[in-house]
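# Close look at the chain arrangement
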Amino acid sequence: MSVNVQSFDAEHASGEDLRAWYELAMATTALDYPGSPVTPYEAYVQQLCLPASYMGEQRLWVARADGELAGIATATFPGDENSDRAVLSVRVPAPLRGRGIGSGLLRAMLPEIRRRGCARVAGQLKAGSQGDAWADGLGFRTVSRRASHHLDLASADPELWQVPPAPGFELRLWADTAPDDLVESFARARGAIADSPADDSSYRHPDWTVDRVRQHEARMREIGESHRYAAAVEQSSGRVVGFTEIALVPDQWSFCHQEDTAVLPAFRGLGLGRAIKAGMARWLVADLPRLEQVHTMTAADNIHMIRVNAQLGYVTDHVIAGMEADLAALEARLAAGRAT
């Protein structure tokens, strides 16, 4: 079997190549994450052709075996506090695993990662999977474990979402752009996610300011994502003390992703996290009738938030292992042919 690896320019790729990439991505997702929703072709390709995702700039590679697509890979470069990290995704169809294709893709990606000054690489895989064992053989170490959950909006009991904020607080909702009267306190509340249960990841949470919130909003508009927020606002001060965020991708109307949920330390224990997530569920059902599922991930040892999710009707699907490796050590292992 002759394997050739090269960079992939999705924006100028043929329809045939884009369809092959999509089908490989959906097939590996179905195999490794059974029950995961299927992203519509048009929505997937629209995001693939963008030079940047919500995480940062992205570059693509493909492996071809005897002319047929045999593997795909993505490297994302976050920038800012995390400019020393590259976030990788490598996918190989089940019949071709164990033949060196994944490692070949990694080798092809290394020069670009090195050129950008990254010192470490990161990614995530289903805990206990074949890919987990492959990454372990390359010297990646598990730095975090996150439980993946989903909420079926149609079948869940809507009574679970009838949760008002505690006395003295009110629920505020907005899409895409934070109201001027809330943006400063919202930026402070965004920083509260840094207090979530610690792991060994090198990832550094953003230092949120008003300017950074506005820059993030502008960036989401550029890539076509819509973000919705439900916030707990202290009535006496008018400030945001907790929030939850949902990301909606264009043309992907059946499911969405729950992003950060955080409450300032002084206001924890009042049930505000549950109240704002319940308020978000009510808003989504009322405003987006085509939406079927909400997907989220929570640190596996964040017992409090996992309990909140269960109280709202979320079901646990699987555990995701966050993995990291030093770039120099990975280069050495790949040069030595330590894993396939």
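Predicted, not measured: the structure shown is a model, and the values here were computed from it.

## Quick notes on the overall build of the protein
What the protein contains, in helices and strands, is nine helices and 13 strands. Relative to the compact-globule value of 20 Å for 340 residues, the protein shows a C-alpha radius of gyration of 21 Å, a close match. If you line up the protein on its principal axes, its C-alpha atoms span 65 × 35 × 35 Å. Within the protein, counting contacts between residues at least 6 apart in sequence, those at least 24 apart form 72% of the total. Here the protein has roughly 15,800 Å² of accessible surface; of this, 50% comes from carbon and sulfur atoms. Distance between charge centres in the protein, computed from 34 positive and 44 negative side chains, equals 4 Å.

## A closer look at the packing of aromatic side chains
Inspection of every chain in the model, using the stated rule, returns eight aromatic pairs. With 5.9 Å between their ring centres and 85° between their planes, phenylalanine 169 and phenylalanine 267 make a pair best called edge-to-face. One end of the pair, phenylalanine 169, is in strand β8 (residues 169-175); the other, phenylalanine 267, is in the loop between β11 (255-263) and α7 (272-287), with 98 residues separating them in the sequence. A connected cluster of aromatic rings, assembled from ring pairs, spans Trp174, Phe186, Tyr229 and Phe243. The ring of tyrosine 41 is capped by arginine 19, whose NZ or CZ atom sits 3.7 Å from the centre of that ring.

## Description of the confidence of the model for the protein
Looking at the protein, the pLDDT average stands at 93 and 98% of residues meet or exceed 70. Predicted confidence in the protein is weakest over strand β2 (residues 52-53), with a mean pLDDT of 80, and strongest over β8, with 98.

## Notes on unusual backbone geometry
We note that aspartate 66 has phi near 50°; this positive angle belongs to a residue other than glycine. Relative to the assigned elements, aspartate 66 resides in the loop between β3 (56-65) and β4 (68-77). Assessed through its relative accessible area of 58%, aspartate 66 is described here as exposed. At aspartate 176, a residue that is not glycine, the phi angle is positive and equals roughly 75°. Along the chain, the position of aspartate 176 falls in the loop between β8 and α5 (183-190). Since its relative accessible area comes to 27%, aspartate 176 is described here as partly exposed.

## Some words on the environment of valine 233
As for its position among the elements, valine 233 is in strand β9 (residues 226-234). The exposure class of valine 233 is buried, given its relative accessible area of 1%. Those residues within four positions of valine 233 in sequence are excluded, and the remaining contacts are Gly168, Phe169, Glu170, Arg172, Leu182, Gly238, Arg239 and Val240.

## Concerning helix α1 (residues 15-32)
Helical geometry: 3.6 residues make up each α-helical turn, so side chains three or four residues apart lie on a common side. Here α1 contains 18 residues, and its C-alpha end-to-end distance of 26 Å stays within 8% of the 26 Å for a straight helix at 1.5 Å per residue. Looking at α1, one finds that the buried residues are Leu18, Trp21, Tyr22, Leu24, Ala25, Met26, Thr28 and Thr29.

## Examining the pattern of salt bridges
Enumeration according to the criterion identifies 20 salt bridges in this entry. Between arginine 228 and aspartate 287 there is a salt bridge whose closest N-O contact spans 2.7 Å. Taken together, the residues span a long stretch of sequence, with arginine 228 in strand β9 and aspartate 287 in helix α7 at a distance of 59 residues. The partly exposed category is assigned to aspartate 287, whose relative accessible area is 39%. Because the salt bridges share partners, they merge into one network encompassing Glu57, Arg59, Glu112, Arg115 and Arg116.

Rules used in this analysis
Residues numbered from 1 in each chain as written. Predicted model: local features only at pLDDT ≥ 70, side-chain atom pairs only at ≥ 80, totals over all residues. Heavy atoms only, no water. Helix = DSSP H or I, 4+ residues; strand = E, 2+ residues; numbered from the N terminus. Rg over C-alpha atoms; globule rule 2.2 N^0.38 Å. Contact = heavy atoms within 4.5 Å. Areas by Shrake-Rupley, 256 points an atom, 1.4 Å probe, with all protein chains shown as cover. Lys, Arg positive; Asp, Glu negative; His and termini not counted. Charge placed at Lys NZ, Arg CZ, Asp CG, Glu CD. Phe/Tyr/Trp six-rings, centres within 6.5 Å; stacked < 30°, edge-to-face > 60°. Lys NZ or Arg CZ within 6 Å of the ring centre and 35° of its normal. pLDDT = per-residue confidence, 0-100. Buried < 20%, exposed > 50% of the residue type's maximum accessible area, 1.4 Å probe, protein only. Expected span 1.5 Å × (residues − 1). Salt bridge = Lys/Arg side-chain N within 4 Å of Asp/Glu carboxyl O.

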